[in-house]
Amino acid sequence: MIYLNGEFMPMEEARIPVLDRGFIFGDGIYEVVPVYSRHPFRLREHLLRMQHSLDGIGLPNPHTEAQWSDLVHRLIALNEPEDQSLYLHVTRGVAKRDHAFPRGVQPTVFMMSNPLVTPSRETLEAGVAAISAADNRWLRCDIKAISLLPNVLLRQMAVDAGAVETILLREGFLTEGAASNIFVVKDDILLAPPKGNLMLPGITYDVVLELAMGHGIAHEVRKIAEDELFSASEILLTSSTKEITPITSLDGKAVGNGKPGLFFWKLHGAYQEFKNSVMRRA
Ligand code: PDD
């Protein structure tokens, strides 16, 4: 079951006019919220980031936080899986084609649920491969825009190379992955690139830094130079659907000893424990 503009319905019945600005211009934003045992994880933070994205594109929020929360809980209840990933999309609505914002148009609100499939034990034990590429996206990567063509092309580069993610570099510094945030371990310190307009402020990224703080894991938030990425002892990828996944090869070369390292296992354990404690309290 999906939600579209005020109604819940089976996906097959959902229709969007061809002049929707999401279709014509990619003019909209989205969120991905992981759901564990039917509880949305960090919903408040996702809704706050959605507000940031809406503000970034000058689109008034069609719902209050309480209304979003109600819609999210109803969508979860209408779908089978215990663990889901919810996609929340808002576009600038349907209007005659013109780049400039239309007046008096209702935004389109669409929400769908997919089964949440987090990385398997085998994946975590082996780690995954990544490639590197120049970050050729725009300068507002802090907005979770639905216009994802650059990200689509960059992640396809990874798939074509038999890898799962493309790590992006801009002017000699790490920004993020095509669909994830990236952490690096260098000299026994967990390094995170600073938030700003060049990367999406990840909800999982924040959780990882909180866990590092809470568990006494040495960490620093600072710009990460290209050579630090290529000489890292560990590289971690984070996102709402991939949680924390170790990257064990970069551009065909082993990262560290080619196996997920101590920082990964510590943070992975802490993340699972934290998730379970949040779900127990919910
Ligand atoms: N992507 N950076 C980019 C470019 C992303 O697309 C994502 C997530 C992240 C991680 O953010 P978070 O921890 O809040 O999921 C960073 C989602 C999962 C997606 O588009 O499907």
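Residues numbered from 1 in each chain as written. Predicted model: local features only at pLDDT ≥ 70, side-chain atom pairs only at ≥ 80, totals over all residues. Heavy atoms only, no water.

K.L.:
Sorry, what's going on with the packing of helix α2 (residues 43-56) against helix α3 (residues 65-78) here?
P.N.:
The description of two helices packed together rests on the angle between their axes and the distance between the axes. For the pair α2 and α3, interaxial distance at closest approach is 11 Å and the crossing angle is 125 degrees. In terms of their interaxial angle, α2 and α3 are classed as oblique. The two elements α2 and α3 cross, and the hand of that crossing is right-handed. Residues Leu43, Arg44, Leu47 and Met50 of α2 pack against Glu65, Trp68, Ser69, Val72 and His73 of α3. (Axes fitted to C-alpha atoms, helices over the stretch in contact; angles between N-to-C directions. Helix = DSSP H or I, 4+ residues; strand = E, 2+ residues; numbered from the N terminus. Parallel < 35°, antiparallel > 145°, perpendicular 65-115°, else oblique. Left-handed = near helix turned anticlockwise from the far one by under 90°. Contact = heavy atoms within 4.5 Å.)

K.L.:
Any chance you could explain unusual backbone geometry here in plain terms?
P.N.:
Glycine aside, negative phi is the norm for most residues, and most peptide bonds take the trans geometry. The backbone of Arg38 shows a phi angle near 70 degrees, a positive value even though the residue is not glycine. Mapped onto the elements, Arg38 comes out in the loop between β3 (28-36) and β4 (39-40). The phi dihedral of Asp251 is positive, around 50 degrees, even though this residue is not glycine. Examined against the element boundaries, Asp251 turns out to sit in the loop between β14 (243-250) and β15 (253-254).

K.L.:
How should I be thinking about the sheet that holds β4 in this particular structure?
P.N.:
Hydrogen bonds between backbone groups are what pair the strands of a sheet, and the pairing can be parallel or antiparallel. As summarised here, the arrangement of the 6 strands in space is β2-β1-β6-β5-β3-β4, forming an open sheet in which the pairing is antiparallel. The sheet terminates laterally at β2 (7-9) and β4, the two strands that pair on one side only. Sheet topology places strand β1 (residues 2-4) next to β2; 3 bridges connect them, and they run antiparallel. Note that in β2 the partner of Leu4 across the bridge is Glu7. Docked against the sheet, α3 engages β1, β2, β3, β4, β5 (84-91) and β6 (108-115), running at close to 135 degrees with respect to β5. (Pairing = 2+ DSSP bridges.)

K.L.:
Where do I start with the pattern of salt bridges in this structure?
P.N.:
Pairing is possible between side chains that carry opposite charge, provided their charged atoms lie close to one another. Taken as a whole and judged by the stated rule, the model has 16 salt bridges. For Arg44, the salt bridge goes to Glu65, with nearest N and O atoms at 2.8 Å. You can see Arg44 sitting in helix α2 and its partner Glu65 sitting in helix α3, a full 21 residues away along the chain. Measuring nitrogen to oxygen at the nearest pair gives 2.8 Å for the salt bridge that ties Asp206 to Lys195. One end of the pair, Asp206, is in helix α6 (residues 203-214); the other, Lys195, is in the loop between β11 (189-192) and α6, and 11 residues separate them in sequence. Judged by its relative accessible area of 25%, Asp206 falls in the partly exposed class. (Salt bridge = Lys/Arg side-chain N within 4 Å of Asp/Glu carboxyl O. Buried < 20%, exposed > 50% of the residue type's maximum accessible area, 1.4 Å probe, protein only.)

K.L.:
Hey, could you run me through a nonpolar patch on the surface in this one?
P.N.:
Side chains of Val18, Leu19, Phe23 and Val94 sit close together on the surface and give an oily, nonpolar patch of about 390 Å² of accessible area. Within the secondary structure, Val94 sits in the loop between β5 and β6. Take Val94: its relative accessible area is 34%, and that puts it in the partly exposed class. (Patch = residues over 30% accessible without salt bridge, like charges linked within 9 Å, V, L, I, M, F, W, Y side chains within 5 Å. Areas by Shrake-Rupley, 256 points an atom, 1.4 Å probe, with all protein chains shown as cover.)

Structural measurements only, silent on function.
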